[in-house]
Amino acid sequence: MALAALRAEADAERAAGSAAYHKADRVYLGVPNPVLNDLTTRWRQEMPVEARVALADALWQTDIHEARIAAAKLLTQARMRPDDAAWALILTWVPQFDAWAIADHACSAGARRLQAEPSRIDTVEGWTTSGRLWTKRAAMVMTLPWTKQNFPSDQDLAIRERVLGWAADYTADAAWFIQKAVAWWLRDLSKHDPDRVRAFLAEHGPRMKAFARKEAGKFLN
């Protein structure tokens with residue numbers, strides 16, 4: 001039923017454009033993001049957690065671009081109890097990331113589950129030494145909420161410093177998506193703790209690509 005609802009909103013011209021843009025080898029339906037938002041919002045409201053997790057799993061397994069995004073959106077919710085099954089499902093997705101759009105939506109879902117249970121950061125840390133670019137990148141993207149706190153707790157500050165340690169190691173990785181992820185993290189943090197970002201750039205900036213240094217310092221005076 002959910003997949004049929006997605007197919008009913010398909011747009012062949014938009015699908016062709018999406019395929020050319022994202023470049024990952026999978027089926028594209030061309031469903032606009034606002035439509036995905038409306039559908040998944042309704043499904044979240046209508047379904048208990050267990051059913052949502054099951055539907056997210058089924059949609060992801062189709063390997064259709066919009067279905068995978070819908071799967072992630074189904075699990076993107078701050079309050080979800082119980083959420084162990086949702087977190088476990090997201091963990092199975094991470095090794096399958098192969099393009100930024102699906103990865104970012106899935107990381108947004110994972111970030112909510114990290115915020116709900118910060119001890120899960122131990123699992124995320126394991127991704128930082130992965131040989132897969134998309135898995136390494138996910139560690140930065142999924143921890144973005146820790147860049148946005150104006151009044152972080154001691155626990156939040158510890159996590160922030162932990163991730164900055166990963167970022168420091170990542171500066172030696174020349175891959176564009178890794179450099180971009182570090183820059184994204186630092187840029188967002190600079191809005192809330194500019195002095196910490198200045199200190200990071202003073203120490204580690206010389207190892208970053210020029211575009212990443214510029215992006216990281218975009219909001220610094």
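Refer to the structure presented above.
Residues numbered from 1 in each chain as written. Predicted model: local features only at pLDDT ≥ 70, side-chain atom pairs only at ≥ 80, totals over all residues. Heavy atoms only, no water.

## Describing the overall build of the protein chain
Part 1: On a plain count of helices and strands, the protein chain comes out with 13 helices and zero strands.
Part 2: Counted from the first residue to the last, the protein chain has its helices and strands arranged as α-α-α-α-α-α-α-α-α-α-α-α-α.
Part 3: Relative to a compact globule of 221 residues, whose C-alpha radius of gyration would be 17 Å, the protein chain shows 18 Å and is just as compact.
Part 4: Reported as C-alpha extents along the three principal axes, the dimensions of the protein chain are approximately 55 × 40 × 30 Å.
Part 5: Looking at the protein chain as a whole, 49% of its 221 residues are labelled buried.
Part 6: Counted over contacts in the protein chain with a minimum sequence separation of 6, partners at least 24 positions apart contribute 68%.
Part 7: When the accessible surface of the protein chain is summed, it comes to about 10,600 Å², and 53% of that surface belongs to carbon and sulfur atoms.
Part 8: If the 30 positive side-chain charges of the protein chain are averaged to one point and the 27 negative ones to another, these points end up 4 Å apart. (Helix = DSSP H or I, 4+ residues; strand = E, 2+ residues; numbered from the N terminus. Rg over C-alpha atoms; globule rule 2.2 N^0.38 Å. Buried < 20%, exposed > 50% of the residue type's maximum accessible area, 1.4 Å probe, protein only. Contact = heavy atoms within 4.5 Å. Areas by Shrake-Rupley, 256 points an atom, 1.4 Å probe, with all protein chains shown as cover. Lys, Arg positive; Asp, Glu negative; His and termini not counted. Charge placed at Lys NZ, Arg CZ, Asp CG, Glu CD.)

## Describing helix H10 (residues 154–170)
Part 1: With 17 residues, H10 extends 24 Å between its outermost C-alpha atoms, agreeing within 8% with the 24 Å of an ideal straight helix rising 1.5 Å per residue.
Part 2: Within the span of H10, buried status applies to Asp156, Ile159, Arg160, Val163, Leu164, Trp166, Ala167, Ala168 and Tyr170.
Part 3: Buried positions along H10 lie against helix H8 (121–125), helix H9 (133–141), helix H11 (176–190) and helix H12 (194–204). (Expected span 1.5 Å × (residues − 1).)

## Structural notes on the environment of Ala54
Part 1: Take Ala54: it is sitting in helix H4 (residues 49–61).
Part 2: On the basis of relative accessible area, Ala54 is assigned to the partly exposed category, the value being 47%.

## With respect to H9
Part 1: Burial within H9 is extensive, with eight of its nine residues counted as buried.
Part 2: Within the sequence span of H9, burial applies to Trp134, Thr135, Lys136, Arg137, Ala138, Ala139, Met140 and Val141.
Part 3: Among the structural elements, helix H7 (100–116), H8, H10 and H11 are those in contact with the buried residues of H9.

## With respect to the packing of aromatic side chains
Part 1: In this structure the tally under the stated criterion is six aromatic pairs.
Part 2: Ring geometry for Tyr21 versus Trp100: centroids 6.2 Å apart, planes at 90 degrees, classification edge-to-face. One end of the pair, Tyr21, is in helix H2 (residues 12–22); the other, Trp100, is in helix H7, and 79 residues separate them in sequence.
Part 3: The exposure class of Trp100 is partly exposed, given its relative accessible area of 33%.
Part 4: Ring pairs connect the aromatic residues Trp134, Trp176, Phe177 and Phe211, which therefore count as one cluster.
Part 5: The aromatic ring of Tyr170 is capped on one face by Lys136, whose charged end is 4.8 Å from the ring centroid. (Phe/Tyr/Trp six-rings, centres within 6.5 Å; stacked < 30°, edge-to-face > 60°. Lys NZ or Arg CZ within 6 Å of the ring centre and 35° of its normal.)

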